[in-house]
Amino acid sequence: MDVAFLWQALLTLLPGVPLTLLLASLSVLLGFLIAAPVAAMRLWGPRWLRVLGSGYVFAFRSTPLLVQIFLIYYGLGQLESVRHSFLWPVLREPFWCAIIALSLNTGAYGSEILRGGFLSVPHGQIEAARAAGMAGWTTFRRVTFPLAIRQALPGYGNELVLMVKSTSLASIITLLEITGLAARLISETYRVIEVFVVAGLIYLALNFVLTTCVALMDRRLTAHLRPVNTPSMPGDPA
Amino acid sequence: MTDIAVRTQGLRKSFGSHEVLKGIDIEARKGEVIAVLGSSGSGKSTMLRCINMLETPSAGEIQVGDTVLRVVPDRHKGTRPADPRLTREVRARVGMVFQSFNLWSHRTILENVMEAPIHVQRRPVAEVQGEAMALLEKVGIAEKCHAYPMQLSGGQQQRAAIARALAQRPEVMLFDEPTSALDPELVGEVLRVMRALADEGRTMLVVTHEMGFARDVSNRVVFLHQGVIDCQGTPEELFGGRGSERFTQFVNA
Amino acid sequence: MQYPDFLALFGFGPQGWGAALLRGAGVTVLLALCGYALGTMLGGLAAWAKLSGRPVARAIASTYTTVLRGIPDLLVIYLFYFGGSQALTWLMGQLGRQGFVDLPGFVAGALAIGIVSGAQHTEVYRGAFRAVSTGEIEAGRAVGMSRTTLARRIVLPLVLRHALPGMGNVWQLTLKESALVSVTGVVELLRTAQIGSGSTGRPFDFFLAAALLYLGIASVSGVVFHRAEARTQRGQRR
C-alpha cells in the first residue's frame, strides 16, 4: 500500500472538488428554476403546454446525459445561426455547455419530483383551507406549496446526489473536475486502482455530507409528522 | 390406531422474555369440534399456530394422529423442530384457515385450492382438479373458480380458503379467528360452511370470538387466560354458569 | 454551403450512415443486455445477503450497494477498462504469456455496467421481497411446502411481481449508462455518432439521430415492461 502515492493522488484530485460542487449546485439551482414551471405546466396548464412539458421530460429522461452534453457542446456549433448569435461566446465554453446540459437534464427529473410532490398533498387539507375562507393564491402559498416541498425533499435530495455523480461526464468535454483530474492522473501514472480508490472516496465523502444535510433538513421540516413526547408536569393526575 | 386427533402436552411458548403459553395440555378426539375462547393476549392464536409448528414451541410436544412432533434447542432461535421433514408432513395433514385468508394472490381460486394437493401431496392433477371443483361447489363459490382472490369479497375469500384447506384431505382443521376480519354481514356465510363441516364429523379447533358458534356448534369449549387453560367443558356447562368466575365475566363483557 | 440531403446522410446507400447507426444501436442493446444480466445475478446475490440476516454477508452487500451508488459510473468504467487490461496482463504474465493484453472494451464496459446495475437491482429486490405479504408465505408453510417449493411456487412469483417496475427502471438506466462505454472505444451508438460527426462535420445531425434512436429503444423497452407488468398484475386491485 503506497501511502505516499495515495496522498499525492488525494492532493492532485482535491482541486477538482470546487468545480464538481459548482457544476452540481449551479445545475440543480437552474434545474429547479426549469422544473418548477414545467411541473406547473404539466399540472395546471392548457393541453398544449401539458404536451410540451411532457415531451420535454420524456426526451430528457429517455436519452443518455452524455448524448445531451454532446448535442449541446458539439452539436450546437454546427448550426450557423448559433455561431453567429450573441450567445456563441457562452455556448462554445465547455463549462457553460455542461451547465446547460446538466440543468436541462435535472430540470426534467426535478419536474417529475415536484409534480409528484404536488399530487401527493392530501386534498382534505386544501379543502380545509378553502373552507376557512382562504383565497386560491393564499391556499397555494400557505398550504399546498409548503406541503408539496416537504414531500419532494427526499426525492430532490437524491437528485442532488445523482447530480454530483453526473458532473463526472463533464470530464469528457475537457473539464477538469474530480473525474477529469483522475483520468489525467491515470493516464500519467497508470496507477488505476489507487486513483480509483481515492477518487471514489472523495465522491463518497461528498455524497455523505450532502445526504446528511438533506436528512437534517428533512427532519426539521417534517417535525410535524412525528409523535411528540410530552413529559408530564409534577402535580398532574397520573 | 389412536382415537386422538390432536394433542399437546406441556406446551410452552415464549417470545423473548415474554412467556405467552405457560404449559398447555389439550386433547381433541376425532370428530370433536373445540371452540377456543379467550381475551387478546391469552395465547389462543399462539397455541393454534404451535400445533402445526408455524410457531416453534419453547417446550412441550405436539401429537397429530399417531405422529409426535418435538423440539430441540437451537443456538440462535431458542428451539427448532426436531424433524423438519416430519413437521412438513404433519402440516400437509393439518388444514389451516387464517384470519386474513392468506390466499395466494398470483393464482386463481381454483389454482389456490389445487396448489397443495399437487405440489406438496403430489396427487394426480385430474383427480385434484375434480375434487377442487367439488369443494368450491360445496362452499358455494364454484362460479368464481377462475377469478383472482382480490376480486372476491372477504366472505368469498374465506370460503375459498376453507376449500383450500379441505383439499388437503386433512385429519384436523385449525381455524384462527376465521371471521374476525370480515364485515358483519359476511360472517354468516362463513359460519354456515363451518357448521356444515362440523356436522360432517370433522375434527376442528376453532379460535373465535363468535359466542354463538361456540355455544351452538362446538362439542367442547376451552377458555384460555394468560397462557393457561382457565376452564373447559361442554358449552352447556360453561355457558350455563358452571364455568369459572373469569369465564362468566368474559362472556358477559 | 452544401447541405446534404437528410435521407442521403442517414439512408442506407454508400454515403449513408443509417446502417452504421443501426449497427451501433445493436451493439448498445447487446452491451446493455449483458450488463443487465450480470446485474440481475449480482443484485439477487446481494439482496439475498442483505435479507439473510447474517451480519458479515449483510455488511459486504451494504458496502457494495453504498459504494456503487455513490460513485460515478464513469469512474467504474475507467477502473475496468484501464485496470482490467492491467489485471489481465498480470494474469497472463503469471500464466506465461508475455506482453500487454488488452481487455476488450466491450467486456470491460459490460462488466462495469453489470457491477453498477447490480447495486441498483439489490435495492429493487430487497424492496420487492419486503412488500410480499407474509400471510401468503405463511399459508405456504402451513400446507407443508418445503423451503424450495415455497420459494419456487410462492415467494419468487410474488417478488417478481413487485420487482418488475423497479427492474424496468434499472433497464432504462442501464441503457443510458451504455453510452458511457463509448469512452473505451467500443463502437456502440454514441461512438458511431461521434465517428460520423467527425467524418462529415455534422455533429448536430448525428447526435440528434443518436438521441432519437435511444428514444426509440427506450420507448420499445417501456412498452415491453409495461406488458410484462400487466401480466403479473392480473387480478390485482390497482
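Just so we're clear, the structure is a prediction, and the values are computed from it rather than from any experiment.

Novice: I'm lost on the pattern of salt bridges in this one. Help?
Specialist: When the charged atoms of two side chains lie near each other, side chains of opposite charge can form a pair. Residues and elements named next belong to chain B. For the structure shown, the criterion picks out 28 salt bridges over all chains. For the salt bridge of E19 with R12, the shortest nitrogen-to-oxygen distance reads 3.0 Å. Note on E19: relative accessible area 29%, which makes it partly exposed. We classify R12 as partly exposed; its relative accessible area is 35%. Note that E115 is salt-bridged to R107, the shortest N-O span being 3.3 Å.

Novice: I keep staring at the interface of chain A and chain C and nothing clicks. Help me out?
Specialist: Frequently, the measure chosen for interface size is the accessible area that the parts lose on association. Contacts between chain A and chain C engage 35 residues on the former and 37 residues on the latter. Summed over both sides, the interface between chain A and chain C buries roughly 2900 Å², with carbon and sulfur atoms accounting for 78% of that surface. The largest per-residue losses of area from chain A upon contact with chain C belong to Q78(A), K165(A) and F196(A), which jointly make up 21% of the total buried on that side. At the surface where chain A touches chain C, the tally comes to zero salt bridges. Our count for the chain A to chain C interface comes out at seven residue pairs in polar contact (both at pLDDT 80 or more). Breaking the side of chain A that touches chain C down by element, the ones donating at least two residues are helix 3 (47–62), helix 4 (65–75), helix 10 (178–189) and helix 11 (192–221) of chain A. Ranked by the residues each element gives to the side of chain A that touches chain C, the list is headed by helix 11 of chain A, at eight residues. Here the residues of the side of chain A that touches chain C are counted per class, giving 23 nonpolar, nine polar and three charged.

Novice: Honestly, the interface of chain B and chain C in this entry has me stumped. Any pointers?
Specialist: Taken together, the contact pairs 25 residues of chain B with 21 residues of chain C. Summed over both partners, the interface of chain B with chain C comes to about 2200 Å²; 50% of that surface belongs to carbon and sulfur atoms. The largest per-residue losses of area from chain B upon contact with chain C belong to W104(B), H106(B) and M150(B), which jointly make up 26% of the total buried on that side. The tally of links from chain B across to chain C stands at two salt bridges. As a salt-bridge pair, R153(C) and E115(B) come within 2.7 Å of each other at their nearest N and O atoms. Seen at the junction of chain B and chain C, the total is eleven residue pairs in polar contact (both at pLDDT 80 or more). Contributing elements (two or more residues each) for the side of chain B that touches chain C: helix 2 (84–93), strand 8 (94–97) and helix 3 (109–119) of chain B. Looking at the side of chain B that touches chain C, its residues break down into twelve nonpolar, seven polar and six charged.

Novice: Whenever I open this one, the sheet that holds strand 1 (residues 4–15) of chain B confuses me. Can you help?
Specialist: Think of a sheet as strands paired side by side through backbone hydrogen bonds, with each pair either parallel or antiparallel. Residue and element names in this part refer to chain B. Reading across from one edge, 2-1-4-5 is the order of the four strands in this open sheet, with antiparallel pairing throughout. The two strands at the open ends of the sheet, each matched to only one other strand, are strand 2 (18–29) and strand 5 (67–69). Each neighbouring strand pair of the sheet contributes to a mean axis angle of 15°, computed without reference to strand direction. Sheet topology places strand 1 next to strand 4 (residues 59–64); five bridges connect them, and they run antiparallel. Among the inter-strand pairings, T8 is bridged to a residue of strand 4, identified as I62. Its contacts with the sheet place helix 1 (residues 44–51) against strand 1, strand 2 and strand 4, and it is angled at close to 120° to strand 1. Each of strand 4 and strand 5 is contacted by helix 2, which is oriented at about 120° to strand 5, the strand it contacts most.

Novice: Would you mind showing me how to read empty space enclosed by the protein here?
Specialist: Inspection of the entire model under this criterion finds one cavity of 30 Å³ or more. Put simply, the largest cavity is a space of about 40 Å³. What lines the largest cavity is M96(B), F98(B), R164(B), A165(B), Q168(B), A139(C), A142(C) and V143(C). Secondary-structure elements contributing two or more residues to the lining of the largest cavity are helix 5 (154–166) of chain B together with helix 6 (134–142) of chain C. Class assignment of the residues belonging to the lining of the largest cavity gives a composition of six nonpolar, one polar and one charged.

Novice: Just to check I follow, could you spell out the layout of surface pockets for this structure?
Specialist: Any empty space left between the atoms is revealed when a probe the size of a water molecule rolls over them. Residues and elements named next belong to chain C. The volume enclosed by the second largest pocket comes to roughly 910 Å³. Lining the second largest pocket we find 19 residues, and of these W48, L51, F129, A151 and V155 sit closest to its centre. Taken together, the residues of the lining of the second largest pocket break down into 14 nonpolar, two polar and three charged.

Novice: Honestly, the pairing of strand 1 of chain B in this entry has me stumped. Any pointers?
Specialist: The two faces of the sheet receive side chains in turn, since in a regular strand these alternate between them. Residue and element names in this part refer to chain B. Pairing of strand 1 with strand 2 involves nine bridges; the strand directions are antiparallel. Bridge pairing in strand 2 links K13 to L21. A loop of two residues connects strand 1 with strand 2, the two strands running antiparallel in sequence, and G16 in this loop sits at a positive phi of about 65°.

Novice: Hey, could you run me through the sheet that holds strand 12 (residues 228–233) of chain B in this one?
Specialist: Residue and element names in this part refer to chain B. Across the sheet, which stays open at both edges, the six strands sit in the order 8-9-10-3-11-12 with mixed pairing between neighbours. Looking along the sheet, the strands with just one partner apiece sit at the ends: strand 8 and strand 12. On average, each strand axis in the sheet is tilted by 20° relative to the strand beside it, whichever way the strands run. Of the pairings in the sheet, the one linking strand 11 (residues 220–225) to strand 12 comprises five bridges and is antiparallel in character. Note on strand 12: the bridge partner recorded for L224 is I229. Of the strands in this sheet, strand 3 (33–37), strand 8, strand 9 (172–176), strand 10 (204–207) and strand 11 are in contact with helix 1, which crosses strand 9 at around 150°. Contacts from helix 6 (residues 184–200) reach strand 3, strand 9 and strand 10, with the element oriented near 150° to strand 10.

What counts and how
- Residues numbered from 1 in each chain as written.
- Chains lettered and ligands numbered in written order.
- Predicted model: local features only at pLDDT ≥ 70, side-chain atom pairs only at ≥ 80, totals over all residues.
- Heavy atoms only, no water.
- Salt bridge = Lys/Arg side-chain N within 4 Å of Asp/Glu carboxyl O.
- Buried < 20%, exposed > 50% of the residue type's maximum accessible area, 1.4 Å probe, protein only.
- Contact = heavy atoms within 4.5 Å.
- Buried area = accessible area lost by both parts, 1.4 Å probe.
- Polar contact = N/O pair within 3.5 Å; in protein donor to acceptor, adjacent residues only side chain to side chain.
- Helix = DSSP H or I, 4+ residues; strand = E, 2+ residues; numbered from the N terminus.
- Nonpolar A, V, L, I, M, F, W, Y, C, P; charged D, E, K, R; others polar.
- Pairing = 2+ DSSP bridges.
- Axes fitted to C-alpha atoms, helices over the stretch in contact; angles between N-to-C directions.
- 1 Å grid on protein atoms, 1.4 Å probe; cavity = no way out; pocket = protein on both sides within 12 Å on 5 of 7 lines; lining within 4 Å.
- Points joined across faces, edges and corners; volume = space filled by probe spheres on them.

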